[in-house]
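# Examination of the molecular architecture
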Amino acid sequence: KGKRQSSKGMSKIIETVAPQLSKEEILKLRRKHVARSCILFYDPNPLQIVRGKGQYMYDEEDNQYLDCINNVAHVGHCHERVVAAATRQMAVLCTNSRYLCSLNATYAERITSTFPEPLDTVFFVNSGSEATELAMELCRTWQGGSDFICVDSGYHGHTRMATSISHYKWGHPKGIGQPDFMHKMALPDTYRGAFRDPDTAGEKYGSQVHTLIEDIRNKESKLAGFMAESALSCGGQVILPKHYLSTIYKAVREAGGLCIADEVQVGFGRCGTGMWVFETQGVIPDIVTIGKPMGNGHPMAAVITRREVADRFHANRPEYFNTYGGNNVSMAVGLAVLDVIESEGLIENAREVGDLMLEQLKLLQEKHTVMGDVRGIGLFLGIEFVKCRSTREPDEATAVAVKKEMYRNRIIVSTEGKHNNIIKLKPPMVFDKGNVWHFIEQFDRAVTMVTSE
């Protein structure tokens, strides 16, 4: 206890300076000093993770866990190239972005080059929440609008403004309630929602925007913007039906608003078809928020927009300065992540491995009637549990029990959705086909065990 110990697989230069406490000691200190709102997975017997590598994490006894939910460690836990980039730059300089820096300029060029024209301008921030705040402010300075349209169960951050556009937060029983400037569209769920035909659901769900725009006009307000995740994560791994965003974007722009695509959780190639999920909808947003996987665990995020939107903000607001956004170390890390995505073919891997996982889960669905729906794109998948397929009544108890059984078998998954009945999968992008076969075998056993009790 208290000794400095080198982490496994790391350079001897990189050492752990915190005392090595037992699980009981950690819990005692947390209960005394850490706010209770900061929850733990698998409480009251939480998992103590001491190191990670690739798609695996290891506890204090060196037990290996297959990580199926960590979309932040995008290119794999502790990827050597990312760690090396951060370590090298930290030893040289880490300061704010008001000084000329080749890393900052280079990353700005690299990241904007992954977006379609005219998305060519970037603001660097530190988190998805900050990105949401800034994106909303860009909308309000565009044409002076005040009101926003969001999506049922959408999540965009935990700051005041980010919470206001996140129904997942303000709609919670302990949430702040619906702000008077916020207007909510229905969750575009083709499994249990009002519209289920995949060919027509997108336009039908999207057409609700016209009613909300009219409501905004009737209260003598003006629309500032619309924001939605390009695939809804906290809403239950909901894949947007075709023509959904195009229907909404057209109406929002005609009303003078801007369209924000939130790629914080799903971007950087996770869908397996390209870098950004909004591209699967055939649209180009006015603003895109990115984060989480951007730094592979290092806190960095950004807002991407058109030059004219950024210039309007510049003309009508004080300078934008973010102390840590765009710092040297973050830029070095971000460049390393982009390099790894490209050099290791991780977008193609997401497509191939994700397709195999989806295929095998659908085969299990034929065996287990509690698996009401299996959906996904690339390495972004969801399994919805129901008590009865004909009624589609949500089955939270079975989903949670399966999650716990997978944990006992050292596979980490989580539950999500409006009814907490959906097991979500968004593993590191280095997840491979061997991991798929191992997951399917254990998942089959877990569902069989839970449903036979």
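Below is a summary of the structure that appears in this document. (Residues numbered from 1 in each chain as written. Predicted model: local features only at pLDDT ≥ 70, side-chain atom pairs only at ≥ 80, totals over all residues. Heavy atoms only, no water.)

### A short note on the pairing of strand 10 (residues 258-262)
Note the cut-off: Partly exposed describes any residue whose relative accessible area lies between the buried limit of under 20% and the exposed limit of over 50%, with all areas from a 1.4 Å probe on protein chains only and scaled to the type maximum. Helix and strand definitions here come from DSSP, where helices need a minimum of 4 consecutive H or I residues and strands a minimum of 2 consecutive E residues; each element is numbered from the N-terminal end. Here a strand pair is declared whenever DSSP counts at least two bridges between the two strands.
With five of its five residues buried, strand 10 lies for the most part within the structure. Neither face of strand 10 is open: one carries L258, I260 and D262, the other C259 and A261, and all of them are buried. Sheet topology note: the strand 9 (residues 223-229)/strand 10 ladder contains five bridges and is parallel. Residue pairing for strand 10: E229 is matched across the bridge by D262. Here three bridges tie strand 10 to strand 11 (residues 287-290), and the two strands are oriented parallel to one another. Paired with D262 across the two strands is T289, which belongs to strand 11.

### Considerations on unusual backbone geometry
For the bond from D43 to P44, the omega torsion is 15°, close enough to zero to count as cis. Tracing the chain through its elements places P44 in the loop between helix 1 (23-33) and strand 3 (49-53). With an omega dihedral of 10°, the bond running from E117 to P118 counts as a cis peptide bond. Within the chain, D62 stands out as a residue other than glycine whose phi angle is a positive 70°. Positive phi, close to 75°, is recorded for S153, a residue that is not glycine. The exposure class of S153 is buried, given its relative accessible area of 6%.

### Focus on the packing of helix 8 (residues 208-218) against helix 9 (residues 244-254)
Note the following rule: Each axis is a line fitted through C-alpha atoms, and for a helix only the stretch in contact is used; angles between axes span 0 to 180 degrees, taken between their N-to-C directions. For classification, angles of less than 35 degrees are called roughly parallel, those exceeding 145 degrees roughly antiparallel, those between 65 and 115 degrees roughly perpendicular, and all remaining angles oblique. In this scheme the handedness of a crossing depends on how the near helix is turned from the far one: anticlockwise by less than a right angle means left-handed, clockwise means right-handed. Any two residues having at least one pair of non-hydrogen atoms within 4.5 Å are treated as being in contact. Polar here means any residue other than Ala, Val, Leu, Ile, Met, Phe, Trp, Tyr, Cys and Pro, which are nonpolar, and Asp, Glu, Lys and Arg, which are charged; Gly is therefore polar.
The interhelical angle for the contact between helix 8 and helix 9, taken along N-to-C directions, is 25°, at an axis separation of 9 Å. The angle between helix 8 and helix 9 falls in the class roughly parallel. Relative to helix 9, helix 8 is oriented so that their crossing is right-handed. Counted together, V209, H210 and I213 of helix 8 and I248, A251 and V252 of helix 9 form the full contact between these two elements. Per-class residue counts for the contact of helix 8 with helix 9 are five nonpolar, one polar and no charged.

### Looking at the sheet that holds strand 16 (residues 411-412)
Spatially, four strands are ordered 3-4-5-16 in an open sheet, and the strand pairing comes out mixed. Edge strands, defined here as strands with exactly one partner in the open sheet, are strand 3 and strand 16. Where strand 4 (residues 56-59) lies against strand 5 (residues 64-67), three bridges are found, and the strand directions are antiparallel. Considered in strand 5, the bridge of M57 is made with Y65.

That is the geometry; function is a separate question.
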